[in-house]
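The chain contents come next:
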Amino acid sequence: MCPNEVNSKCYWDDWEKHRAVREMALALWKNLLQTAKKRILQQRRLSLYNGAHGYEEELIKKKLQQFSGGSINLSKEDNGIGILTLNNPKLMNAFTGTMMVELQERVTELENWKDGKGLIIHGASNTFCSGSDLNAVKELSNSQDGMNMCMFMQNTLTRLMRLPLISVALVQGKAFGGGAELTTACDFRLMTPGSEIRFVHKHMGLVPGWGGAARAALGHAREWLSQYTDGPAAVIRAVKQVVTAGRELPLEDALRTEKDIFGTVWGGPANLQALVTRPKHK
Ligand SMILES: CC[C@@H](C(=O)O)C(=O)SCCNC(=O)CCNC(=O)[C@H](O)C(C)(C)COP(=O)(O)OP(=O)(O)OC[C@H]1O[C@@H](n2cnc3c(N)ncnc32)[C@H](O)[C@@H]1OP(=O)(O)O
């Protein structure tokens, strides 16, 4: 019997089609939910703080959004190197609230960049970063806001540090306060002559004496980084992962992680090819 009969006409086909479309939409929705859940869980795993620590991410994000200006730009090059630019030259690239939120977004983008191998972080207009925007800091001066901002930035910089990309802070000019802290979340720090990394703010530094164009230094940083990023992404990313495990885990856990990651490259295409070409490492 037709399950969908109207005026003696059977709408079985339509009914079947609708059911199929509904099922497809449901499957798609479930898939999206699962991907989002996986991403949130991965971010939580890579972060330090969550609700259990009294951290209220949505609350602090909403507050940070009120202090706008500047931007954090990411360009992903075909050679697997990402260029992250801190862009707020009017305030020596100080981090406004929206820049803190954008940094988090760019880190998420880098976590999802499967072909990435290296990352250069630099500042616009011949300086690196003078820390937090003091205008925003003044407005967020109660201790709850301060703690939440601190946890927000610690989470973001921890995730940045744990990226499977070899990272370098290219310091041209001044890296002060939070700017200095940001350089410590990178694997390497490259400094052009006359540049400064400072954790205290009592001294005003000299004007950078290096004088070169930003692009020339960026080109040099790219070339310098290529000594670590030349090769297949799977191997470069695995190298960074074993180094991160060694730095962060107790010895036995780090050894087990190293064994697991080793298993992903052993007998892999790069390993097999090297066994054929047998390169000399002079
Ligand atoms: C929790 C916050 C903490 C952290 O995250 O760890 C911080 O980061 S607190 C911020 C620490 N940084 C500072 O205190 C930097 C203070 N600024 C300076 O010492 C100097 O501006 C400089 C960075 C040494 C640059 O000096 P100079 O080359 O002489 O330039 P100007 O001083 O004229 O700066 C141009 C312009 O930029 C403004 N500026 C610079 N840094 C900040 C900042 N962090 N927040 C807000 N505004 C900043 C500076 O005031 C100038 O603006 P105008 O006065 O309107 O011209």
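Residues numbered from 1 in each chain as written. Predicted model: local features only at pLDDT ≥ 70, side-chain atom pairs only at ≥ 80, totals over all residues. Heavy atoms only, no water.

An unreviewed UniProt entry lists the protein under the name Ethylmalonyl-CoA decarboxylase, with Zosterops lateralis melanops as the source organism. Turning to the protein, the UniProt annotation filed under Sequence similarities (unreviewed entry) states: "Belongs to the enoyl-CoA hydratase/isomerase family." (UniProt positions renumbered as here; feature names shortened; annotations may be inferred.)

Novice: What should I look at first to understand the pattern of salt bridges in this one?
Specialist: Note that side chains of opposite charge can pair when their charged atoms are close. Inspection of the entire model under this criterion finds 13 salt bridges. A salt bridge links E248 to R162, with the nearest nitrogen and oxygen atoms 2.8 Å apart. Of this pair, E248 sits in helix α8 (residues 233-248) while R162 is found in the loop between α5 (143-161) and β6 (166-171), placing the two residues 86 residues apart along the sequence. A residue is classified by how much of its surface remains accessible, and R162, at 21% relative accessible area, is partly exposed. (Salt bridge = Lys/Arg side-chain N within 4 Å of Asp/Glu carboxyl O. Helix = DSSP H or I, 4+ residues; strand = E, 2+ residues; numbered from the N terminus. Buried < 20%, exposed > 50% of the residue type's maximum accessible area, 1.4 Å probe, protein only.)

Novice: Where do I start with the site of the ligand in this structure?
Specialist: Every one of the 16 residues lining the ligand counts as a neighbour, but S130, S132, L134, G178 and E181 are closest to it. Here K90 contributes a backbone N or O atom positioned 3.3 Å from an oxygen atom of the ligand. One of the side-chain nitrogen or oxygen atoms of E181 is found 2.7 Å away from an oxygen atom of the ligand. Applying the majority rule of atoms within 2 Å of the grid points places the ligand in the largest pocket. For the shell around the ligand, the elements supplying multiple residues, two or more each, are β7 (174-176) and α6 (178-184). In the shell around the ligand, the residues fall into 6 nonpolar, 6 polar and 4 charged. (Near = heavy atom within 4 Å. Polar contact = N/O pair within 3.5 Å; in protein donor to acceptor, adjacent residues only side chain to side chain. 1 Å grid on protein atoms, 1.4 Å probe; cavity = no way out; pocket = protein on both sides within 12 Å on 5 of 7 lines; lining within 4 Å. Sits in = over half its atoms within 2 Å of the grid points. Nonpolar A, V, L, I, M, F, W, Y, C, P; charged D, E, K, R; others polar.)

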